[in-house]
Amino acid sequence: VFHFVRARAWALPEMAGLAGVGAVSASSLDKEEEEAAEETSGTDTSGSDSDSSPGFAAKHRCTDAACGVLFGVAVVALAYIFSWGLSHGNMEKLSHGLDQEGRICGVSAGVRAQPFLYYCPSLWDASNLSLVVDDASPICVWQCPEGPNATDDVPTNCSTGETAPYATRKAAEWYCLPVESEFTKASVKIHRRLQSFQSELSGGLFGTRNSWPVMLTIVLVATALGYVYLCLLRAIAKGLIWLCLTLGIVALVGLGYYLWTHDVTDQLGEQAHMYSKVLAVLSWVGSLLLAFLFCCCYGDVELSTSCVRSGTEVIWKMPLLLMAPLVKAIVKSGLAVLLCWGFIHLWSSAEITGTGTMRHFHFTAEQQAYLVVYVFVGVWLLKFVTALYQFSIAYAVAKWYDTEPDEDDERGADRFGIVEGVVCGVRYHAGSLALGSALIAILELFQRLVEYAEVRARQEGSNRVCTGCLNCLLCCCKCVEGILRFVSKNAYIDMAIQSSGFCQSVRNVGHVVIDHGASMALLNGATVVFQIVGVFAITAVSGLVAYAMLNTDTFANPYSHRFVPHPGLAAGFACVLGFI
């Protein structure tokens, strides 16, 4: 039934945000084709009720075993590097300040009992509260001085010659800042040093841990929004597709009219006027193509909306499928946090030099190799989790569709179909899923490297030829990555249905794209709209909620024990959680 080449219609809707799921749908098969497909799969559906035939699960076999072994070795290497980072790294090296001799307060030998960083005064007059601090010569102290009347904590090793302490309070956990009410200018000066660019990486990552209540709230809010969006999508899917087609036609016609009638000769010259005419004609041609699609592909539009409705229908019939987005979010978020935690420990294993909040990291060749392997395998593991999630969803829905309808034309749902899909994916198709996720991970990391090189070239004023070549390479990487994501996602569907290897599944998907391009284009176009609306709405709301919470006194006050020194970084991390 699910043979991709023989099916007349095939589709994959994927819901947006945390409610993202895929559903395979095949329709319009003749009775003879159904019987032939049943004979091919060796399935006897006569007399079956709400339970799917055992032949669907029994036909799965091991695929791409070599890739599975390689992935297992990579995961073992990741675990080893993770444990090595925990044993050799020290996160306190990233959060504690460095004194004038380059020693890390509370960490380095000689200052382990002095965890706080104190900025010595270069000019200090206690009578009129006149204070100037020397931010280039800080020292480590065992506690923050409370003022000139406290004699048990007076710093005696200030190189500036001023030994009388001024009133300070703890900020960012390990820094002694002048009391703002008494020394505004000095406090602002040191506070800016704490938020300098050179300390943003270490201090920001470490300070973000204080925002864990905000992150937990964002996970719950994003999950609830995902389910609300799923309910709305079930009701307005068809109307949204037709609305988008209509708005697209109107927008293109209006754009063409504006470009044709608006005279830009005076502002931009005769050549720009000619370009505006050409763009106007192209806009009208695009509107005609959409109108042609609107009129001639009505059946494909109906098929696309039916697939979306089928997807939402099967979601509501499988209780565990309803929990799948939440489970996926918890697993990926937990795994991402664990990997980030290990990366910070691994990063902190470097030799650190500097003064105050400025620090420089020096890595050995072994540490650099560990960082490269850790980042790649970590991204690979996250992509594998996504691939396994997509496969398990496809498996559960395909098994539901393989079930013989009852007298009311209703199919029963296996409540544990998604669990069976996860087991089947790990047991038989781990190698195939690892192969597809590895290709995406390689392209994504390569794209990030090209983006970094392009930004550095632009900042350093490199020649335009180099910048143009990097931009062209970046464009090609994005194009290839987008195609690979699309093909891989659909290949997992074929894999769940026919138990094919990754390469064979990609070939099958290619045949489907050729045979049913119109249906797939409409359906994927509709799901892109759903994804954009859902993802952007949920991500934006998550970021706004997080930013509002981070600007409360609990997280914005430097003297609070939950102070977040970089709320923008924490809000960005909250947006990532909402997106996931």
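All figures in this text were calculated on a predicted structure; none of them were measured in a lab. (Residues numbered from 1 in each chain as written. Predicted model: local features only at pLDDT ≥ 70, side-chain atom pairs only at ≥ 80, totals over all residues. Heavy atoms only, no water.)

### Here's the deal with the overall build of the chain
Okay, so step 1: Along the backbone of the chain there are 19 helices and 8 strands.
Okay, so step 2: Burial statistics for the chain: of 580 residues in total, 46% are counted as buried.
Okay, so step 3: Considering only contacts in the chain between residues 6 or more positions apart, those separated by 24 or more positions represent 72%.
Okay, so step 4: When the accessible surface of the chain is totalled, it reaches about 28000 Å², and 64% of it is carbon and sulfur. (Helix = DSSP H or I, 4+ residues; strand = E, 2+ residues; numbered from the N terminus. Buried < 20%, exposed > 50% of the residue type's maximum accessible area, 1.4 Å probe, protein only. Contact = heavy atoms within 4.5 Å. Areas by Shrake-Rupley, 256 points an atom, 1.4 Å probe, with all protein chains shown as cover.)

### Digging into the packing of aromatic side chains
Okay, so step 1: One pass over the full model with this rule turns up 13 aromatic pairs.
Okay, so step 2: Ring geometry for Phe 376 and Trp 380: centres 5.7 Å apart, planes at 40°, overall tilted. Taken together, the residues span about one helical turn, with Phe 376 and Trp 380 both in helix 12 (residues 365-402) at a distance of 4 residues.
Okay, so step 3: Trp 380 gets classed as buried once you look at its relative accessible area, which sits at 7%.
Okay, so step 4: Clustering of aromatic rings is evident, with ring pairs tying together Phe 343, Trp 347, Phe 361, Phe 363 and Tyr 374. (Phe/Tyr/Trp six-rings, centres within 6.5 Å; stacked < 30°, edge-to-face > 60°.)

### Structural notes on the pattern of salt bridges
A side chain of one charge can pair with a side chain of the opposite charge if their charged atoms are brought near each other.
Okay, so step 1: One pass over the structure, following the stated rule, counts 7 salt bridges.
Okay, so step 2: Arg 103 is the salt-bridge partner of Asp 99, the closest N and O atoms lying 2.9 Å from each other.
Okay, so step 3: With a relative accessible area of 26%, Arg 103 lands in the partly exposed category.
Okay, so step 4: In this structure, Arg 485 and Glu 481 form a salt bridge, with 2.9 Å as the shortest nitrogen-oxygen distance. Of this pair, Arg 485 and Glu 481 are both found in helix 15 (residues 464-498), 4 residues apart, which corresponds to roughly one turn of the helix.
Okay, so step 5: A cluster of three or more residues bridged by salt bridges with shared partners is formed by Lys 383, Glu 444, Glu 481 and Arg 485. (Salt bridge = Lys/Arg side-chain N within 4 Å of Asp/Glu carboxyl O.)

### Re the packing of helix 12 against helix 15
Okay, so step 1: With their axes 8 Å apart at the nearest point, helix 12 and helix 15 run at an angle of 45° to one another. Looking at the two axes, helix 12 sits oblique to helix 15. Regarding helix 12 and helix 15, the two cross each other, and that crossing is right-handed. When helix 12 is examined against helix 15, the residues Lys 383, Ala 387, Gln 390, Phe 391, Ala 394, Tyr 395 and Ala 398 are found in contact with a partner set consisting of Arg 485, Lys 489, Tyr 492, Ile 493, Met 495, Ala 496 and Ile 497.
Okay, so step 2: The residue inventory of the contact of helix 12 with helix 15, partitioned by class, reads 10 nonpolar, 1 polar and 3 charged. (Axes fitted to C-alpha atoms, helices over the stretch in contact; angles between N-to-C directions. Parallel < 35°, antiparallel > 145°, perpendicular 65-115°, else oblique. Left-handed = near helix turned anticlockwise from the far one by under 90°. Nonpolar A, V, L, I, M, F, W, Y, C, P; charged D, E, K, R; others polar.)

### Some details on the state of the cysteines
In a disulfide, the sulfur atoms of two cysteines are covalently bonded to one another.
Okay, so step 1: On inspection of all chains with the given rule, the structure shows 2 disulfides.
Okay, so step 2: Each sulfur in the disulfide pair Cys 105 and Cys 140 lies 2.0 Å from the other. Its torsion about the S-S bond being -80°, the disulfide of Cys 105 and Cys 140 is classed as left-handed. Of the two residues, Cys 105 is situated in the loop between helix 4 (92-95) and strand 3 (116-125) and Cys 140 in strand 4 (residues 130-141); the sequence distance between them amounts to 35 residues. Across the pair, Cys 140 and Cys 105 agree in class, each one buried.
Okay, so step 3: Here Cys 144 pairs with Cys 176 through a disulfide, and the sulfurs are 2.1 Å apart. (Disulfide = S-S within 2.5 Å.)

### A closer look at the pairing of strand 6 (residues 175-178)
Okay, so step 1: Burial along strand 6 is two-sided: Tyr 175 and Leu 177 facing one way and Cys 176 and Pro 178 facing the other are all buried.
Okay, so step 2: Both strand 5 (residues 168-171) and strand 6 contribute to a ladder of 4 bridges, which runs antiparallel. Across the sheet, Lys 170 pairs through a bridge with Cys 176, a residue of strand 6.
Okay, so step 3: What sits between the antiparallel neighbours strand 5 and strand 6 is a turn of 3 residues, in which Ala 172 has the positive phi angle 50°. (Pairing = 2+ DSSP bridges.)

### Observations concerning helix 13 (residues 417-428)
Okay, so step 1: Counted at 1.5 Å a residue, the expected span for helix 13 with its 12 residues is 16 Å, and the 16 Å between its end C-alpha atoms agrees.
Okay, so step 2: Along helix 13, the residues classified as buried are Gly 417, Ile 418, Gly 421, Cys 424 and Gly 425. All buried residues of helix 13 project into a common sector of 115° when viewed along the axis, lining one side. (Expected span 1.5 Å × (residues − 1). Arc of directions from axis to C-beta.)

### Side note on unusual backbone geometry
Okay, so step 1: If you check the backbone angles, Asp 64 has positive phi at about 50° while not being a glycine.
Okay, so step 2: Checked against the element boundaries, Asp 64 lands in the loop between helix 2 (55-58) and helix 3 (65-88).
Okay, so step 3: Phi angles above zero are rare outside glycine, and Ser 499 is one such case at about 60°.

### Re the nonpolar core
Okay, so step 1: Counting residues in hydrophobic clusters, the biggest one holds 39 residues, and the most contacted among them are Leu 346, Tyr 374, Trp 380, Phe 384, Phe 391 and Leu 433.
Okay, so step 2: Going through the elements one at a time, helix 3, helix 11 (319-347), helix 12, helix 14 (430-459), helix 15 and helix 16 (502-515) are the ones with two or more residues in this core.
Okay, so step 3: Counting residues per element, this core draws most heavily on helix 12, which supplies 15 residues.
Okay, so step 4: If sequence neighbours within four positions are ignored, Tyr 374 has contacts with Leu 78, Ile 81, Phe 82, Leu 338, Leu 339, Gly 342, Phe 343 and Leu 346.
Okay, so step 5: Counting 18 residues, the second largest nonpolar core, distinct from the first, contains Tyr 118, Ile 139, Cys 144 and Leu 177. (Core = buried A, V, L, I, M, F, W, Y, C linked by side-chain atoms within 4.5 Å.)

### Quick look at the side chain of Ser 349
Okay, so step 1: Position of Ser 349 relative to the elements: it lies in the loop between helix 11 and strand 7 (351-355).
Okay, so step 2: At 2.5 Å, the side chain of Ser 349 and the backbone oxygen of Leu 346 are in polar contact.
Okay, so step 3: Residues within four places of Ser 349 in sequence aside, it is in contact with Trp 84, His 88, Gly 89, Lys 93 and Gln 367. (Polar contact = N/O pair within 3.5 Å; in protein donor to acceptor, adjacent residues only side chain to side chain.)

### A look at helix 16
Okay, so step 1: Between the first and last C-alpha of helix 16 there are 20 Å, a value that for 14 residues agrees with the 20 Å anticipated at 1.5 Å per step.
Okay, so step 2: Along helix 16, the residues that are buried comprise Phe 502, Ser 505, Asn 508, Val 509 and Val 512. For helix 16, the buried positions fall inside an angular range of 120° around the axis, keeping them on one side.

### Details of a nonpolar patch on the surface
Okay, so step 1: A grouping of Met 274, Tyr 275, Val 278, Leu 279 and Leu 282 is seen on the molecular surface, where their side chains present a nonpolar patch of about 490 Å² in accessible area.
Okay, so step 2: Residue placement: Tyr 275 occurs in helix 9 (residues 270-296). (Patch = residues over 30% accessible without salt bridge, like charges linked within 9 Å, V, L, I, M, F, W, Y side chains within 5 Å.)

### Thoughts on the environment of Val 179
Okay, so step 1: In this structure, Val 179 sits in the loop between strand 6 and helix 5 (184-194).
Okay, so step 2: We classify Val 179 as buried; its relative accessible area is 14%.
Okay, so step 3: Each C-alpha atom of the pair Val 179 and Tyr 166 lies 8.6 Å from the other, and the pair is 13 residues apart in sequence.
Okay, so step 4: Once residues lying within four places of it in the same chain are set aside, the contact partners of Val 179 are Ala 167, Thr 168, Arg 169 and Tyr 559.

### A word on the packing of helix 15 against helix 16
The packing of two helices is summarised by the inter-axis angle and the distance between the axes.
Okay, so step 1: Viewed as axis vectors pointing N to C, helix 15 and helix 16 meet at an angle of 105°, and their least axial separation amounts to 8 Å. Our classification of the angle between helix 15 and helix 16 gives roughly perpendicular. Only Phe 502, Ser 505, Val 506, Asn 508, Val 509 and Val 513 of helix 16 make contact with helix 15, whose side of the interface consists of Phe 486, Val 487, Ser 488, Asn 490, Ala 491, Tyr 492, Asp 494, Met 495 and Gln 498.
Okay, so step 2: Residue composition of the contact of helix 15 with helix 16, grouped by class: 9 nonpolar, 5 polar and 1 charged.

Purely geometric numbers; function is a separate question.
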